[in-house]
Amino acid sequence: AQHYGVPTRLLDWTTDVNVALHFAAGSALRHMDGPGEGFCIWVLDLDAAKAVMDDMEVVRPDYSRNPNMRAQSGVMTLLRNRTADELAVPFDRQLAESFARRLAEGDPVAEGIAGSGEPVLQRLDVPYGLLGDLARYLSSHRYDSSRYRPGYEGAYLCMRECMDYSRLPDRR
C-alpha cells in the first residue's frame, strides 16, 4: 500500500542491499521522466529503531510459506497503535521525532545510540546517471526479477527489465 501513497502500519524491508538496489533501480527506471535527478534507498538499523520506537515490531515472515519473501530476504516493520493521521507522517519523520523525544527524556538507550555516531536511518541517494552501471552490476550477480518471482511471471519481468535497461546509455 505504501507504494501507492496509502498510509500503512506495515513497511517492507530487505536485509540484502542488492535486493534494495534492484527494486529501487527498477522503480527509478519507470519514473526517470519525473522530477528529480535520481533515486534513493533507505538503510535502517532495525535493532536501534526498535529500541527508540516502543510501538514498532520487527516481523520476520515464515519463509517456508512465502518464496518471494525468502528470495527477497524480506522483513517487515509494523507500527502498532497509530491513527490514520499519524500514519500519514513519513516513517523517517516518525522515527526522528521518537528518537528526539527519547533523548529529551534522558533515555539511556537513546543516548547510547546517539553516542555511537551510527545513524538509525540513512538515505542513500543514487543519481540516474548510474542506472546503466547499476543494472549491469545487478545482472552480473543475478539480481533480477527471475530471482524474486518464481515461474513465468519472473521470466517475463526479467526479459522486460533487460529491454528497459538496454535503452540506457553505456558510460564505459
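Our subject is the structure that appears above.
Trainee: It is not clear to me how helix 1 (residues 17-30) should be interpreted in this structure. Could you clarify?
Mentor: Every α-helix winds through 3.6 residues per turn, so residues three or four apart in the chain are directed the same way. In this model helix 1 runs 20 Å from its N-terminal to its C-terminal C-alpha over 14 residues, within 8% of the 20 Å that 1.5 Å per residue would give. Judged by how many residues are buried, helix 1 sits mostly within the fold: 10 of 14 residues are covered. Every buried residue of helix 1 is accounted for by Asn-18, Val-19, Ala-20, Leu-21, His-22, Ala-24, Ala-25, Gly-26, Ala-28 and Leu-29. The inward-facing, buried residues of helix 1 contact strand 1 (10-14), strand 2 (38-44), helix 3 (67-71), helix 7 (131-140), helix 8 (145-148) and helix 9 (152-166).

Trainee: Can you walk me through helix 7 in this structure?
Mentor: Of all the positions in helix 7, only Leu-131, Gly-132, Leu-134, Ala-135 and Leu-138 are classed as buried. Down the axis of helix 7, the sector holding all buried residues measures 160°, keeping them to one side. Against the buried residues of helix 7 lie helix 1, strand 2, strand 5 (121-127) and helix 9. Following helix 7 by one or two positions, Arg-142 adopts a phi angle in the positive range, close to 60°.

Trainee: Would you explain the sheet that holds strand 4 (residues 74-79) in this entry?
Mentor: In a beta sheet, neighbouring strands pair by backbone hydrogen bonds and run either parallel or antiparallel. Taken in spatial order, the 3 strands make up an open sheet running 1-4-3, and their pairing is antiparallel. The open sheet has two edge strands with one neighbour each: strand 1 and strand 3 (56-59). Within this sheet the neighbouring strands show an average axis-to-axis angle of 25°, counted without direction.

Trainee: What is the right way to look at the packing of helix 1 against helix 7 in this model?
Mentor: For any two helices packed against each other, the geometry is given by the interaxial angle and the distance between the axes. Where helix 1 contacts helix 7, the axes come no closer than 10 Å and their chain directions differ by 135°. When the axis of helix 1 is compared with that of helix 7, the two are oblique. For the element pair helix 1 and helix 7, the recorded crossing hand is left-handed. Of helix 7, the residues touching helix 1 (which contributes Asn-18, Leu-21, His-22, Ala-25, Ala-28 and Leu-29) are Leu-131, Leu-134, Tyr-137 and Leu-138. Split into classes, the residues belonging to the contact of helix 1 with helix 7 amount to 8 nonpolar, 2 polar and no charged.

Trainee: Teacher, can you tell me more about the pattern of salt bridges here?
Mentor: Pairing between side chains of opposite charge can happen when their charged atoms approach one another. If you walk through the whole model with that rule in mind, you get 11 salt bridges. Across the pair Arg-136 and Asp-133 runs a salt bridge whose closest N-O atoms are separated by 2.8 Å. Residue Arg-136 and its partner Asp-133 are both found in helix 7; the two are separated by 3 residues, about one turn of the helix. Since its relative accessible area comes to 27%, Arg-136 is described here as partly exposed. Owing to a relative accessible area of 27%, Asp-133 belongs among the partly exposed residues under this scheme.

Trainee: Mind showing me how you'd approach the side chain of His-22 here?
Mentor: Within the secondary structure, His-22 is located in helix 1. Engagement of the side chain of His-22 in a polar contact is seen with the backbone oxygen of Tyr-143, the distance being 3.4 Å. Each residue touching His-22, except ones within four places of it in the same chain, is listed here: Leu-138, Tyr-143, Asp-144, Ser-145, Tyr-148, Glu-161 and Tyr-165.

About the criteria used
Residues numbered from 1 in each chain as written. Predicted model: local features only at pLDDT ≥ 70, side-chain atom pairs only at ≥ 80, totals over all residues. Heavy atoms only, no water. Helix = DSSP H or I, 4+ residues; strand = E, 2+ residues; numbered from the N terminus. Expected span 1.5 Å × (residues − 1). Buried < 20%, exposed > 50% of the residue type's maximum accessible area, 1.4 Å probe, protein only. Contact = heavy atoms within 4.5 Å. Arc of directions from axis to C-beta. Pairing = 2+ DSSP bridges. Axes fitted to C-alpha atoms, helices over the stretch in contact; angles between N-to-C directions. Parallel < 35°, antiparallel > 145°, perpendicular 65-115°, else oblique. Left-handed = near helix turned anticlockwise from the far one by under 90°. Nonpolar A, V, L, I, M, F, W, Y, C, P; charged D, E, K, R; others polar. Salt bridge = Lys/Arg side-chain N within 4 Å of Asp/Glu carboxyl O. Polar contact = N/O pair within 3.5 Å; in protein donor to acceptor, adjacent residues only side chain to side chain.

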